[in-house]
Structures are given as structure tokens and as C-alpha cells.
Amino acid sequence: MSDSSPAGTAVPVLDVWCELQCPDCRSALDDLRALRARYGDRLELRLRHFPLEKHKHAFAAAQAAEEALEQGQGWAYVEAVLGRVEELDREGEPFLVEVARELGLDAEEFDTALIDGRHILIVDADQAEGKAIGVTGTPTYVIGGERLDGGKSQKGLRERVEEIADRLLTGEA
């Protein structure tokens with residue numbers, strides 16, 4: 001589908017640096033749902049991966065999220081996994097495949113993707129870019145060139161994202 005909108009009316013992008021084994025990212029789900037409800041397709045929410053070393057299943061979960069995206073259910077999968085962080089902690093990769101099965105995705109393909117590592121480069125690239133722009137924890141949001149760190153506190157972040165998105169949508173500097 002080509003973009004037929006006039007120049008200068010590109011949809012603002014909200015990069016969400018996230019980690020699927022992170023309780024703080026789970027807390028951010030309500031904000032993300034609210035942003036999607038408010039803006040719909042006027043704001044592009046982009047999942048960016050930033051697996052933290054302290055969570056041993058986070059890297060596999062990021063790869064699984066990419067497979068879900070490829071199968072057309074990226075955000076549904078992310079929400080399902082984040083909603084059950086404790087199960088991911090306990091069960092690891094078998095849990096990631098089980099969630100895919102529950103969502104009606106091709107679970108065998110998930111299993112294969114986790115074994116063959118087809119999504120590792122995407123996850124590595126996101127992580128490297130995140131480090132380069134100063135992401136240190138999750139969730140971190142980047143919109144309109146501004147980085148908002150939700151790892152320490154998420155208080156007021158959704159309002160700040162909305163402020164920036166509204167400004168970008170109205171074309172104000």
C-alpha cells in the first residue's frame with residue numbers, strides 16, 4: 001500500500017523499547033492500549049527490543065515477538081506474554097510456543113524460529129540502536145526525537161506522549 005498522504009503529514013512514530021520479561025513493561029500495557037485507542041492509525045506504535053541480561057528468557061521472547069509480528073499478531077502476542085510474566089520466568093521457551101498456540105499462530109514455526117535464530121539480527125540491531133540513543137532500561141519511549149524513560153517511573157508518561165503526539169499531528173514545532 002503506497003502512502004498517498006501529502007508531504008509533511010507522515011504519521012508520528014512512537015518507538016516502545018520493551019522487554020517481554022519486564023514487570024514495568026507489563027505495567028505500561030494500559031498506557032499503550034489507551035494510546036492505540038485514542039490515536040488508532042494516526043500514531044504508529046513500533047515495538048523495539050531491549051532484552052535485559054538479568055532476565056534469562058527475554059532474548060528468546062524478543063525473537064518470538066518478531067515471529068508473531070511476521071504471522072500478523074505482534075501486539076496481541078506481546079500483550080499475552082507480558083500479561084503472564086511469571087509464567088515466562090518459570091517456563092521459558094515452551095511458554096512462548098504455548099502462547100503462540102493459544103493465539104492460533106503456527107506454534108511449530110515459533111519453535112523452529114527460536115531454534116534457527118532467524119530473528120536474532122533484528123533483536124540485536126534494536127538493542128544496539130537502543131544503547132546508542134541512551135536506552136538503559138524498559139520501558140523507554142521515543143517520540144518526536146524525545147526519549148522518555150518509563151523504567152524508573154511511568155507517572156505522567158502517557159500524558160507526555162500524548163502532548164508530543166498531538167503537537168506532531170497538528171504540525172506545530
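Now for a description of the structure that goes with this document. Note that the structure is predicted; figures quoted are calculated from it, not measured.

## As for the sheet that holds strand β3 (residues 140-143)
Item 1. Here we have 4 strands laid out as an open sheet, ordered β2-β1-β3-β4, and mixed in their pairing. Only two strands of the sheet have a single neighbouring strand rather than two, namely β2 (44-49) and β4 (146-149). Pairwise comparison of adjacent strand axes, ignoring direction, gives a mean angle of 20° for this sheet.
Item 2. Pairing of strand β1 (residues 13-18) with β2, which is carried by 6 bridges, proceeds in the parallel orientation. The residue of β2 that forms the bridge with Asp15 is Arg46.

## Considering the packing of aromatic side chains
Item 1. According to the stated counting rule, one finds 1 aromatic pair in the structure shown.
Item 2. Here the aromatic rings of Tyr77 and Phe110 are separated by 5.2 Å at their centres, their planes lie at 35°, and the arrangement is tilted. Taken as a pair, Tyr77 in helix α3 (residues 74-82) and Phe110 in helix α6 (residues 107-116) lie far apart in primary sequence, 33 residues in all.
Item 3. Judged by its relative accessible area of 0%, Tyr77 falls in the buried class.

How each quantity is defined
Numbers given for residues are sequential positions, taken from 1 along each chain in its written order. The predicted nature of this model means local features are confined to residues of pLDDT at least 70 and side-chain atom pairs, given and counted, to a pLDDT of 80 or more, with totals for whole chains, interfaces and linings taken over all residues. Processing note: side-chain calculations cover all non-hydrogen atoms of the structure and skip hydrogens and water entirely. Between any two strands, at least two bridges found by DSSP are needed for them to pair. We count a stretch as a helix when DSSP gives it H or I for four or more residues in a row; a strand needs E for two or more, and each element gets its number in order from the N terminus. For helices, the fitted axis covers only the stretch in contact; all axes are lines through C-alpha atoms, and the angles between them, taken along N-to-C directions, range from 0 to 180 degrees. Stacked, edge-to-face and tilted are the three classes for Phe, Tyr and Trp ring pairs, Trp counted by its six-membered ring, which pair at centre distances within 6.5 Å; planes under 30 degrees apart are stacked, over 60 edge-to-face, the rest tilted. Buried residues are those whose accessible area, probed at 1.4 Å on protein chains only, stays under 20% of the maximum for their type, while exposed residues exceed 50% and partly exposed ones sit between those limits.

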